[in-house]
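Report on the structure
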Amino acid sequence: MNPTFITEDFLLQSEEAKQLYHKHAKNASIVDYHNHLSPKDIAENRQFSDLTEIWLEGDHYKWRAMRINGIDERYCTGNATPEEKFVKWAETVPKTMRNPLYHWTHLELQRYFGVTELLNGRSARKIYEDCSNMLQREDFRVQGLLAKMKAEVVCTTDDPCDDLHYHEEMQSSKTLKMLPTFRPDKAYTFAGSTSYAAYVQKLAEASSVNISSLQGLFTALENRVNYFHDHGCRAADHGLETLPFSNITEKEAGKLFVQALEGHPLTTAEAVGLRFIILSHLSTLYHSKGWVQQFHLGALRNNNDRMLRELGPDTGFDSIGDFPQAQTMARYFNHLDSSNQLAKTILYNLNPADNELFATMTGNFNDGTTAGKMQWGSGWWYLDQKDGMEKQMNTLSNMGLLSVFVGMVTDSRSFLSFPRHEYFRRILCNLIGEDVKNGELPNDMALLGQMVEDVCYNNAKTYFGF
């Protein structure tokens, strides 16, 4: 046992920080407005058979660490037994010290299962057995796990073709609001093959719209936006290397759409132009619905061709990209703002070199209609760790208003990832507490406590209109 590691004052280095966290942040409910949780698992209140299934299944963060530690792929995504996979992960955990996985691992074990012992090869089998047994209890099904973390709203990530019947099933829930998020990436991801045409056909069937032209695509997408809105959707999300901009006309884009639909390759400039026309049309739809549009920018994906062939995407072989962001982003937002059709927007960057760029870009298009209309989002992916969160909040404070920030999201596929909100809240309170201790902020706990409560909960709930 090691009760001195994750204590009640973990990461809180001043009395002011402790007061802010324990009185104002700790008990706030969670609005998790962006994640990749399975709607099916939530609606059906899935029960996991063992700790490996709930904790390692689909977690490319852990797989990546295990590979770095020299663990064979069979223990990550292969055919090893669940217990064997867990033991190999446990043997890796001590090697993750100073990686956020070390903190997250022990927070999750403690918050969900009450385990305070450090995880390693020696403690692995007992922890695996004890936690797997707890998972058989009724209160350790998915909805019980979310309730433990005070999750009030979870916004899943859904393709326009999804029928949202699991969201319909959850509408009667009095304890958890599960809402869809519109993720239309496949509608503007072109390839010189039959894959784009196959997706467009799937969209045509979902929307009952014949899509043989760009106007047909617009009609189908509008149909699905309306459908999602009727099911409680209030946000769209997009994963892109950069935001596109082009001077292409809609007539020219229409010809390129037919070309892509027929499986003919587009040049890079043509793909950017067609993507710009489609995405900007979507953005105007979001504005008309009062939605929030989110853009996750800068990932360099699927870098390892061999592993992509063997394992598929989202298995731990993506990294930070160094794409130019500023000019096309400014022109994209300016295009929408010029006709007053720029929706509330959250920007996330993956490259930390872009922090100041993203923080200042949002200020260009805040127009006083909504507090924090243009948001620079929380540290994402490789940046959602202590150093990344501190840098994001310090930069936001320097160049914007931390007080109107909509706070943290899990951006996770794991039902055990919700202590990341606690992690964020502790870091936020510690930053503010240090400022008070240094005489850089007034020692007014009511004033500071209100800001903490707003960033942790109130701002997101108001901003999205849930």
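Up top is the structure.
This structure is a prediction, so every number in the text was calculated from the model and none was measured. (Residues numbered from 1 in each chain as written. Predicted model: local features only at pLDDT ≥ 70, side-chain atom pairs only at ≥ 80, totals over all residues. Heavy atoms only, no water.)

1. Things to note about the pattern of salt bridges
Once the charged atoms of two side chains with opposite charge are near each other, the side chains can pair. Under the definition given, this model contains 27 salt bridges. Arg 141 is the partner of Glu 138 in a salt bridge, and the nearest nitrogen-oxygen pair spans 3.1 Å. According to the relative accessible area criterion, Glu 138 is exposed, its value standing at 55%. In this structure, Glu 390 and Lys 386 form a salt bridge, with 3.1 Å as the shortest nitrogen-oxygen distance. Of this pair, Glu 390 and Lys 386 both sit in helix 17 (residues 386-399), four residues apart, which is roughly one turn of that helix. Taken together, the shared-partner salt bridges connect Asp 41, Arg 46, Glu 53 and Glu 57 into one network. (Salt bridge = Lys/Arg side-chain N within 4 Å of Asp/Glu carboxyl O. Buried < 20%, exposed > 50% of the residue type's maximum accessible area, 1.4 Å probe, protein only. Helix = DSSP H or I, 4+ residues; strand = E, 2+ residues; numbered from the N terminus.)

2. Considering the packing of helix 10 (residues 195-207) against helix 12 (residues 250-261)
Relative orientation of the contacting elements helix 10 and helix 12 amounts to 105°, with a least axis distance of 8 Å. It follows from the interaxial angle that helix 10 and helix 12 lie roughly perpendicular. Along the contact surface, helix 10 presents Tyr 196, Ala 197 and Val 200, while helix 12 presents Phe 257, Ala 260 and Leu 261. Class assignment of the residues belonging to the contact of helix 10 with helix 12 gives a composition of six nonpolar, no polar and no charged. (Axes fitted to C-alpha atoms, helices over the stretch in contact; angles between N-to-C directions. Parallel < 35°, antiparallel > 145°, perpendicular 65-115°, else oblique. Contact = heavy atoms within 4.5 Å. Nonpolar A, V, L, I, M, F, W, Y, C, P; charged D, E, K, R; others polar.)

3. Digging into the packing of aromatic side chains
Tallied over the entire structure, the rule returns 28 aromatic pairs. Ring centres of Phe 190 and Tyr 196 lie 5.1 Å apart, and the angle between their planes is 75°; this geometry places the pair in the edge-to-face category. Comparing Phe 190 with Tyr 196 shows no difference in burial state: the two are buried. Centroid distance Phe 276 to Tyr 332: 6.1 Å. Interplanar angle 80°. Geometry classified as edge-to-face. Of this pair, Phe 276 sits in helix 13 (residues 268-289) while Tyr 332 is found in helix 15 (residues 326-337), placing the two residues 56 residues apart along the sequence. Note on accessibility: Phe 276 and Tyr 332 belong to one class, buried. Cluster of aromatic residues (ring-pair linked, three or more members): Phe 245, Phe 276, Phe 295, Tyr 332, Phe 333 and Phe 365. Sitting above the plane of the Tyr 227 ring, Arg 224 keeps its charged end 4.3 Å from the centroid. (Phe/Tyr/Trp six-rings, centres within 6.5 Å; stacked < 30°, edge-to-face > 60°. Lys NZ or Arg CZ within 6 Å of the ring centre and 35° of its normal.)

4. Digging into the sheet that holds strand 4 (residues 235-240)
The four strands are arranged 4-5-8-9 in an open sheet whose pairing can be described as parallel. Every other strand in the sheet has two partners, leaving strand 4 and strand 9 (374-376) as the edge strands with one partner each. Between one strand and the next, the sheet's axes are offset by a mean angle of 15°, whatever the strand orientation. Where strand 8 (residues 344-349) meets strand 9, three bridges bridge the pair, whose relative direction is parallel. If you follow Ile 346 over to strand 9, its bridge partner there is Gln 375. Of the strands in this sheet, strand 5 (292-297), strand 8 and strand 9 are in contact with helix 15, which crosses strand 5 at around 165°. (Pairing = 2+ DSSP bridges.)

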